[in-house]
Amino acid sequence: MFETIQSLIDQEAQICIPASHLTPRANLYELGMTPYTAIRLLLAIEREFRVEFPRDSLNRRTMATIENIVRGVRAAQFAPAYEWRQAA
């Protein structure tokens, strides 16, 4: 999962160094990620892992580090389905 996220960061986040050189706690925003590229990264992660991040986790902190992104993906994988999906 970690390497896949690094690859997606390289493709979408447009930061100043390769993601393979980052520590899990390196702040992506401090390295040049913008809110726009964070959204692109979030969407790429959701597609790649076939998850949907819960609304309460859609914030700057969730996308700030690789460590936080991994936590977010794991939480999304085990989150209960949204009510609107259950009603359909």
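Residues numbered from 1 in each chain as written. Predicted model: local features only at pLDDT ≥ 70, side-chain atom pairs only at ≥ 80, totals over all residues. Heavy atoms only, no water.

Peer 1: I keep staring at the packing of aromatic side chains and nothing clicks. Help me out?
Peer 2: For any two aromatic rings, the description comes down to two numbers: the centre-to-centre distance and the angle of the planes. Within this structure, the stated rule accounts for zero aromatic pairs. Its end group placed over the ring of Y29, R60 keeps NZ or CZ at 3.8 Å from the ring centre. (Phe/Tyr/Trp six-rings, centres within 6.5 Å; stacked < 30°, edge-to-face > 60°. Lys NZ or Arg CZ within 6 Å of the ring centre and 35° of its normal.)

Peer 1: Even after reading the chapter, I still don't get the packing of helix α1 (residues 2-12) against helix α3 (residues 66-78), so can you show me in this structure?
Peer 2: Each pair of packed helices can be described by the angle between their axes along with the distance between the axes. One way to put it is that α1 packs onto α3 with a least axis distance of 10 Å and a crossing angle of 115 degrees. The crossing of α1 and α3 is right-handed. For the pair formed by α1 and α3, the contact residues are F2, I5, Q6 and I9 on the first element and I66, I69 and V70 on the second. Residues that form the contact of α1 with α3 fall into these classes: six nonpolar, one polar and no charged. (Axes fitted to C-alpha atoms, helices over the stretch in contact; angles between N-to-C directions. Helix = DSSP H or I, 4+ residues; strand = E, 2+ residues; numbered from the N terminus. Left-handed = near helix turned anticlockwise from the far one by under 90°. Contact = heavy atoms within 4.5 Å. Nonpolar A, V, L, I, M, F, W, Y, C, P; charged D, E, K, R; others polar.)

Peer 1: Mind showing me how you'd approach α3 here?
Peer 2: Working note: α-helix, 3.6 residues per turn, so residues spaced by three or four point in the same direction. Over its 13 residues, α3 extends 19 Å from the first C-alpha to the last, a length consistent with the 18 Å expected when each residue adds 1.5 Å. Residues of α3 that are buried in the fold lie against α1 and α2 (35-49). (Expected span 1.5 Å × (residues − 1).)

Peer 1: What's the story with the side chain of S57 in this structure? I'm lost.
Peer 2: Along the chain, S57 turns up in the loop between α2 and α3. Relative accessible area serves as the criterion here: at 19%, S57 is assigned to the buried category. Of note is the side chain of S57, whose polar atom sits 2.8 Å from the backbone oxygen of P54. (Buried < 20%, exposed > 50% of the residue type's maximum accessible area, 1.4 Å probe, protein only. Polar contact = N/O pair within 3.5 Å; in protein donor to acceptor, adjacent residues only side chain to side chain.)

Peer 1: Can you help me understand the nonpolar core in this one?
Peer 2: Generally speaking, a soluble globular protein has its nonpolar side chains buried in company with each other. Judged by nonpolar contacts, the single largest core of 26 residues is most densely connected at I9, L28, M33, L41, I45, M63 and I69. Put simply, the parts of the chain that give this core at least two residues each are α1, α2 and α3. It is α2 that provides the largest number of residues to this core, a total of six residues. (Core = buried A, V, L, I, M, F, W, Y, C linked by side-chain atoms within 4.5 Å.)

Peer 1: I'm lost on the confidence of the model for the protein chain in this one. Help?
Peer 2: The predicted structure's coordinates, where accompanied by low pLDDT, should not be read in detail. In the predicted model, the protein chain carries a mean pLDDT of 89, and the fraction of residues at 70 or more is 90%. Of all the helices and strands in the protein chain, helix α4 (residues 83-87) carries the lowest mean pLDDT, 41, while α1 carries the highest, 96. For residues 83-88, every residue scores under 50 in pLDDT, and the model assigns this stretch three contacts once sequence neighbours within four places are set aside. (pLDDT = per-residue confidence, 0-100.)

Peer 1: Is there a simple way to explain the pattern of salt bridges in this structure?
Peer 2: Summed over all chains, the structure comprises three salt bridges. With its nearest N and O atoms 3.4 Å apart, the salt bridge here joins E67 to R71. In this pair, E67 and R71 both sit in helix α3, four residues apart, roughly one turn of the helix. Taking the relative accessible area as the measure of exposure, E67 reaches 23% and is therefore partly exposed. Each member of the salt-bridge network shares a partner with another, and the members are R25, E67 and R71. (Salt bridge = Lys/Arg side-chain N within 4 Å of Asp/Glu carboxyl O.)

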